[in-house]
Amino acid sequence: MSKIKFFLNESMPLEMHKVRVVQKLNLIPIEARKEALDQGGYNTFLLKNRDVFLDMLTDSGTNAMSDRQMASMMVADDSYAGSETFYRLEKTLQFFFQMKYFLPTHQGRACENIICKTFVKPGDVIPMNYHFTTTKAHIELNGGTVAEIFTDEALKVTSDCPFKGNIDLNKLQQLIKEVGVEHIPFLRIELGTNLIGGQPIALENILAVAKICHDHKIMVVTDASLLADNIHFNKEREEFCKNLSLHEIVLKIAEVTDIMYFSARKLGCVRGGGICVPTVELFDKMKDLIPLYEGFLTYGGMSVREMEAMAVGLEETLDPEMVNQGPQFIAEFGKKLMEQGVPIITPTGGLGCHVDARRFIPHVKSEEYPAGALAAAIYLISGVRGMERGTISETRNPDGSEHPAGVELVRLALPRRVFTMSQISYAVDRIAWLFQNRDLIKGLMFIDEPKVLRFFLGRLTPIDHWADKLMKKFREDFGDSL
Ligand code: F0G
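Residues numbered from 1 in each chain as written. Predicted model: local features only at pLDDT ≥ 70, side-chain atom pairs only at ≥ 80, totals over all residues. Heavy atoms only, no water.

Our next topic: the site of the ligand. Around the ligand, 17 residues are found, and the nearest of them are Thr 58, Arg 109, Asp 223, Ser 263 and Arg 411. One nitrogen or oxygen atom from the side chain of Thr 58 is found 2.6 Å from an oxygen atom belonging to the ligand. The contact in question runs from an oxygen atom of the ligand to an N or O atom on the side chain of Gln 107, over 2.8 Å. When the ligand is considered free in solution it has 470 Å² of accessible area, and contact with the protein chains removes 96% of it. Counting residues per element, the shell around the ligand draws most heavily on helix α4 (residues 108–119), at three residues. Looking at the shell around the ligand, its residues break down into two nonpolar, eight polar and seven charged. Residue contributions to the shell around the ligand reach at least three from each of two domains, namely domain 1 (3–59 + 322–478) and domain 2 (67–319). (Near = heavy atom within 4 Å. Polar contact = N/O pair within 3.5 Å; in protein donor to acceptor, adjacent residues only side chain to side chain. Areas by Shrake-Rupley, 256 points an atom, 1.4 Å probe, with all protein chains shown as cover. Helix = DSSP H or I, 4+ residues; strand = E, 2+ residues; numbered from the N terminus. Nonpolar A, V, L, I, M, F, W, Y, C, P; charged D, E, K, R; others polar. Domains from an automatic or database assignment.)

This part covers the packing of helix α7 (residues 203–215) against helix α9 (residues 246–255). For any two helices packed against each other, the geometry is given by the interaxial angle and the distance between the axes. One way to put it is that α7 packs onto α9 with a least axis distance of 9 Å and a crossing angle of 20°. Taken together, the axes of α7 and α9 lie roughly parallel to each other. For the crossing formed where α7 meets α9, the hand is left-handed. Mapping the contact onto sequence places Leu 203, Ile 206 and Leu 207 in α7 and Ile 249, Lys 252 and Ile 253 in α9. Among the residues forming the contact of α7 with α9, the class breakdown is five nonpolar, no polar and one charged. (Axes fitted to C-alpha atoms, helices over the stretch in contact; angles between N-to-C directions. Parallel < 35°, antiparallel > 145°, perpendicular 65-115°, else oblique. Left-handed = near helix turned anticlockwise from the far one by under 90°. Contact = heavy atoms within 4.5 Å.)

Below, the discussion takes up the domain arrangement of the protein chain. Each assigned domain of the protein chain is listed here: domain 1 (3–59 + 322–478) and domain 2 (67–319). Taking only C-alpha atoms into account, the centre of domain 1 sits 27 Å from that of domain 2. With 30 residues of domain 1 in contact, the opposing surface of domain 2 contributes 36 residues. Summing both sides of the interface, domain 1 and domain 2 together bury roughly 2,600 Å²; the carbon and sulfur share of this comes to 55%. Looking at the side of domain 1 facing domain 2, the largest losses of area belong to Met 322, Val 323 and Pro 347, adding up to 22% of the total buried there. (Buried area = accessible area lost by both parts, 1.4 Å probe.)

The next thing to look at is the packing of helix α1 (residues 30–39) against helix α19 (residues 466–478). Taken N-terminus to C-terminus, the directions of α1 and α19 make an angle of 165°; their axes are 11 Å apart at the nearest point. Taken together, the axes of α1 and α19 are roughly antiparallel relative to one another. Along this stretch, α1 crosses α19, giving a crossing that reads as right-handed. Contacts from Ile 30, Glu 31, Arg 33 and Lys 34 in α1 reach Ala 467, Asp 468, Met 471, Phe 474 and Arg 475 in α19. Counted by class, the contact of α1 with α19 contains four nonpolar, no polar and five charged residues.

A few words now on the environment of Glu 367. Along the chain, the position of Glu 367 falls in the loop between α15 (357–360) and α16 (370–382). Setting aside chain neighbours within four positions, we find Glu 367 in contact with Glu 402, Pro 404 and Leu 444.

This paragraph deals with the sheet that holds strand β11 (residues 387–389). Here three strands make up an open sheet; going across it, the order is β9-β12-β11 and the pairing antiparallel. Taken across any chain shown, the strands that pair with only one partner, and hence form the sheet edges, are β9 (352–356) and β11. Sheet twist, expressed as the mean angle between neighbouring strand axes with direction ignored, is 30°. Pairing geometry for β11 and strand β12 (residues 409–413), over three bridges, is antiparallel. Looking across to β12, one finds that Arg 389 is bridged to Leu 409. (Pairing = 2+ DSSP bridges.)

Next up on the list: the nonpolar core. Counting residues in hydrophobic clusters, the biggest one holds 58 residues, and the most contacted among them are Phe 97, Leu 187, Ile 189, Leu 227 and Phe 262. Once residues within four sequence positions are removed from consideration, Leu 227 is found in contact with Phe 96, Phe 97, Leu 191, Val 250, Leu 267 and Thr 317. Listed in part, the 57 residues of the second largest apolar core include Val 410, Tyr 426, Phe 455 and Ala 467. (Core = buried A, V, L, I, M, F, W, Y, C linked by side-chain atoms within 4.5 Å. Buried < 20%, exposed > 50% of the residue type's maximum accessible area, 1.4 Å probe, protein only.)

Here we take up the side chain of Glu 294. On the secondary structure map, Glu 294 appears in the loop between α11 (289–293) and α12 (304–316). No salt bridge is formed by the buried Glu 294. Its closest oppositely charged neighbour is Lys 117, at 9.3 Å. (Lys, Arg positive; Asp, Glu negative; His and termini not counted. Salt bridge = Lys/Arg side-chain N within 4 Å of Asp/Glu carboxyl O.)

This paragraph deals with the confidence of the model for the protein chain. A low pLDDT means the predicted coordinates there should not be read in detail. Of all residues in the protein chain, 100% attain a pLDDT of 70 or more, and the chain-wide mean is 96. Looking across the protein chain, the model is least confident in helix α13 (residues 320–323), with a mean pLDDT of 93, and most confident in strand β6 (residues 219–223), with 99. (pLDDT = per-residue confidence, 0-100.)

This part takes up the pattern of salt bridges. Under the defined criterion, the tally for this structure stands at 31 salt bridges. Taking the shortest distance from any N to any O, the salt bridge between Asp 38 and Lys 34 comes out at 3.0 Å. Linking Asp 38 with Lys 34, this pair stays in helix α1, spanning four residues, or about one helical turn. The partly exposed category is assigned to Asp 38, whose relative accessible area is 41%. Residue Lys 34 is classed as buried on the basis of its relative accessible area of 10%. Salt bridges sharing common partners tie together Asp 59, Asp 229, Lys 266 and Arg 416.

See below:
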C-alpha cells in the first residue's frame, strides 16, 4: 500500500516512523538457552524474557506504542467510577464502529467469558471460520460446541488464496438446517484468523455470511482483535474494497455485526479489551457481568492510562502507514525464509510469519508435537522465542487420544514496530541453519499436562535427547559464537 516506488527492490518494507526509545536485549549462550528450556519444560510460554533474545511469542500487549499514545497516558483521569478517560474512549469507539454502547474488559478472553455466559446454553453450536483457543474454551465451558465452517483453502499450507479466513456459505446453510436456528445463538467471525496463520476474511464474504445469519435471526459476533491486519488485506487484495477507506471497511463490517469484541492487546496496541454493541437491549443483557468479573462499568479492569492510549491507538489504526507495517515486515520475513527453502504458510498474513512444522520436520508425528518441538529447537539455536500453534494447542479427544491439529505451525509473531530488518535477518540466518540440520530434531512428550489450555502451562521433554545433539552440532558449526 506504500506509495513509494523503489529502484532496486520493489517490495522493500519501509518504516514510516523513527525509534526514539530503545530497550537493551540479551543474547545468552546456547548452553544457557538449553538450561532455560530444561527449566521451562520445552514450552516457550514458560521461558523467562531475560533468557530470550527476540521475543516473537506474540504481538499481544507487546506492540510498540506511539509518542502520541505515551503522551495521552499523562492526562488519564483516575477514578473508580465515571472517569473522563472512559468517556473519551467510549466516544472514540462510537466513532470507530458507529456502535453506541461499550462494555470495557481487561482483555479479549474476558469479553468471550461475558458473551458466552450470556448467550451460550448447553447443547448450543457456534459456527465460525476457525476457532481461537480461548474462545473455544469459553464456549465449551458453557456447554456449547464449536462448528468450524471454513473453506477448503483454509488449511492448505501453501496457497495463493488471498482470503483463507473465509466462511463456506454452503456449509453454513447446511449447518443451520441440521442444527436448527434455536441451537445457534450466534455465529462468530474472527478477523485475521489467528490459528491458521493470521489469514484475513474478505469483506464480501462477511456481508454474505451476515445476510444468511440475519435472514435466520442468528446474531453475528465479530472478534476484531486482528482487525488492523484484516482491513489492510481487504484494501490490498479485494477488488470490492479498492475505493474504500480503511474506516469505511471497518464500518461495513460493523454495520452487519451485532456484537463486536476485541483484545486491545492487539487492536489499539495497548493492554485491555472491550465489547461494542449497537442496541441498549444487548448492552443490558451483558452489563451486570462487567462489575462482577471485570471492574466497574467505566474501567472494566483496565488502567485508565491504557484506556487513554487505546483511544489514540484506535485512531492510529485508521492510518494506512500504521496498519501496513506489520504485514509488510511479515511478507519480507517470509520471502527471506522461503529463499532458504524453509516451508512457511503462504500467502503470508498478519500477526507473524508461520513456519510449517509438518514440512520442516515431516519425520515427527502429530502425537509427538512437531510444532512444539520446532519452537523449542528455534529458541535453542537462536534465542528467538516463537509459539507452538499445533496439536499441543488442541484439546485431547474425550477418549484421551490426541486430536491432531489441522496445521502444525510455529508462529514467529512480529509485534508492530518493534523489530528491525537486521534482527529479522538474524532470525532467518539461524532458522536456515536449523533447516539444514532438521534431521536432528525429534518430538516431545508431556511430563506435566494440564486439563484446560495445556499449551500455556504444560511441561514436556525431548524424545531421545535431541536437544543435546542439536547443541553439539551448533557448537561444531558456529564455534564459540552466541
Ligand atoms: N481473539 C483472538 C483472535 C486472539 O488472537 C486473542 C488473543 C484473543 C481473542 C484473546 O485475547 O489474549 O486479550 O485475552 N491472542 C493472543 C495471541 C493470546 O498471542 O495470539 P486476550
